[in-house]
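# Chains, contacts and geometry: an overview
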Amino acid sequence: GLVNTRDMFAKAVKGGYAIPAYNFNNMEQLQAIVQACVATKSPVILQVSKGARDYANINLLRNMARGAGEYAKELGFEIPIVLHLDHGDSFETCKECIDNGFSSVMIDGSHFPYEENIALTKKVVEYAHAHDVTVEGELGVLAGIEDEVSSAVSHYTKPAEVVDFVSRTGVDSLAISIGTSHGANKFVPSQCTRNAEGILIPPPLRFDILEEIEKELPGFPIVLHGSSSVPAEYVNMILQFGGKLKDSVGIPEEQLRKAAKSAVCKINIDSDGRLAMTAVIRKVLAEKPGEFDPRKYLGPARDELKKMYMHKNINVLGSANQA
Ligand code: G3H
Ligand code: 13P
Ligand code: NA
Ligand code: ZN
C-alpha cells in the first residue's frame, strides 16, 4: 500500500540523500518511474498536480498509483511509494485528495501573506493528520521567468520565519525558495553568464540561506521544487528534430547532489521528464514518418524516461538502494 512521508523523510535526512518526487500524468510516465525506482531500489514520491488532475481525472490517477505497488512487486522488488498532491491550492483540494486516498499533500500558501499562509496550512495539517496523511508547506516564492522585473532576492525564504511557521502549522516538511524555479527556463539570460561555447551558466543556488534554515530547524525535512536540470542532450534533440526552445536553463546536477546531502530530502522533477519524452517522440516521428501506432513512439519515450530517472536516483539524489 501507499505510505506517507514520515519515515521516508526521517531516513533520508539521516542518510544524506533525497527522495525523488516525480510528476506523472499518464501511464507511460508512471511505468517509467516505477520501473526506474524498482531497478535502482529507490523509494519514490508520485506527484499529481492540479494540471494532472484536470488532464487525467483524480480517480484514474489514484487507482494507477495504487496499482503501482503491485506493479513494482511484479517487477521484482517492493518499494515504498507515496501518492502526493503537488501544489495544493486550497483546503478543499487537499481534503478531496485526502478523502481519495492520497498519502501526502502539499498546501502551497506561499503566495499569501504570512499569517494567511499559516492559517490555511494549519487547517490542512489538522485534517490531514487526523487521516495519517503528511503535509508539505511552503515559505518563500520561487522566482519564475514572469518575475523577471522584481528582484529575485525578496522571494527567498526568510530563515527568521521558519521556526515560527513550522511550529505554528505542524507541517511535516517545508518547501523553500533558494533560487530554483519551475519549467525549462529557470533563469533569464541576464541572470546567467555564458561559457566559451555560448552555453548559459546559471547563478548558483543560495546554499547560504539553506544553511541558515538548517541551523534554525536542525534535522527538519526540507523540499526543493523546480529542480529539473534541463539536460542539453534533450534540448539539442528537440531542436534537431524541429522543436523550438529558447534560452532553456536548469539547475546543474552538481548543485542538486550537494543539496541532497543536506536536510533537503525531497527533490521535485517534472520538466526533465517532459523534455525527455518530447525529444524521443520527435526523433522517432522524424525518422519514421510512416509510424502511426502510439506504442511505437510512447514506448521508446518511456524507455528513455526510465533511463533518466535511474540516472537521477543513482547519480544525483542518492536514493538508490535506500528502499
Ligand atoms: O509545479 C509544477 C509542476 O511541474 C506541475 O505542472 O500543473 O503543468 O502539471 P502542471
Ligand atoms: P521542474 O519544473 O524544475 O521540473 O519542477 C517541478 C516541480 O517543482 C513540481 O512541483
Ligand atoms: Na538530504
Ligand atoms: Zn513545484
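As annotated in an unreviewed UniProt entry, the protein carries the name Fructose-1,6-bisphosphate aldolase, class II and is attributed to Sphaerochaeta globosa.

## Remarks on the sheet that holds strand β6 (residues 173-176)
Spatially, β1-β2-β3-β4-β5-β6-β9-β10 is the arrangement adopted by the 8 strands of the closed barrel, whose pairing is parallel. On average, each strand axis in the sheet is tilted by 25 degrees relative to the strand beside it, whichever way the strands run. Two elements, strand β1 (residues 19-23) and strand β10 (residues 264-269), share 4 bridges in a ladder whose sense is parallel. By the bridge assignment, Y22 is partnered in β10 with I269. Its contacts with the sheet put helix α1 (residues 6-15) on β1, β3 (81-88), β5 (134-139), β6 and β10, and the angle it makes with β10 is roughly 110 degrees.

## Let's talk about the site of ligand 2
In the vicinity of ligand 2 there are 14 residues, among which H225, S228, N268, D270 and S271 approach most closely. Mapped by element, the contributors of at least two residues to the shell around ligand 2 are β3, β10 and α11 (271-287). Of the residues assigned to the shell around ligand 2, the class counts are 1 nonpolar, 10 polar and 3 charged.

## Regarding the nonpolar core
Ranked by internal contacts, the top residues of the largest apolar core, which has 87 residues, are I33, L46 and V105. The element contributing the most residues to this core is helix α2 (residues 27-39), with 7 residues. In this view, V105 contacts H84, L85, G88, C94, C97, I98, V124, A128, V133 and V135; residues no more than four positions away in its chain are not counted.

## Brief notes about α11
Over its 17 residues, α11 runs 24 Å from end to end, which matches the ideal 24 Å to within 8%, given 1.5 Å per residue. Taken together, the buried positions of α11 are occupied by S271, D272, G273, L275, A276, M277, A279, V280 and R282. Lining the buried residues of α11 we find β1, α2, α9 (232-240), β10 and α12 (294-317).

Thresholds applied
- Residue numbers run consecutively from 1 along every chain, following the written order of its sequence.
- Chains and ligands are labelled sequentially in the order written, the chains with letters from A and the ligands with numbers from 1.
- Only residues with pLDDT of 70 or above have their local features reported here, since the model is predicted, and side-chain atom pairs are shown and tallied only from 80 upward, although totals for entire chains, interfaces and linings are computed over all residues.
- At least two DSSP bridges between two strands are needed for those strands to be called paired.
- Secondary structure is summarised from DSSP: a helix means a run of H or I of at least four residues, a strand means a run of E of at least two, and numbering begins at the N terminus for each.
- For every element, the axis is a line fit to its C-alpha atoms; helices are fit only across the contacting stretch, and the angle between N-to-C directions ranges from 0 to 180 degrees.
- We call two residues in contact when the distance between their C-beta atoms, placed using the backbone, is within 7 Å.
- Nearness rests on one distance test: the residue's C-beta atom, set from the backbone, must lie within 6 Å of the molecule or strand.
- Any residue outside Ala, Val, Leu, Ile, Met, Phe, Trp, Tyr, Cys, Pro, Asp, Glu, Lys and Arg is labelled polar, Gly included; the first ten of those are nonpolar and the last four are charged.
- Note on definitions: a nonpolar core is a set of buried residues drawn from Ala, Val, Leu, Ile, Met, Phe, Trp, Tyr and Cys, linked by C-beta atoms within 7 Å.
- Burial in this document is a count-based property: other C-beta atoms within 10 Å of a residue's C-beta are tallied, and the residue is buried at 20 or more, exposed at 12 or fewer, or partly exposed in between, with C-beta positions derived from the backbone.
- Expected span, for any helix, means 1.5 Å times one less than how many residues it has.

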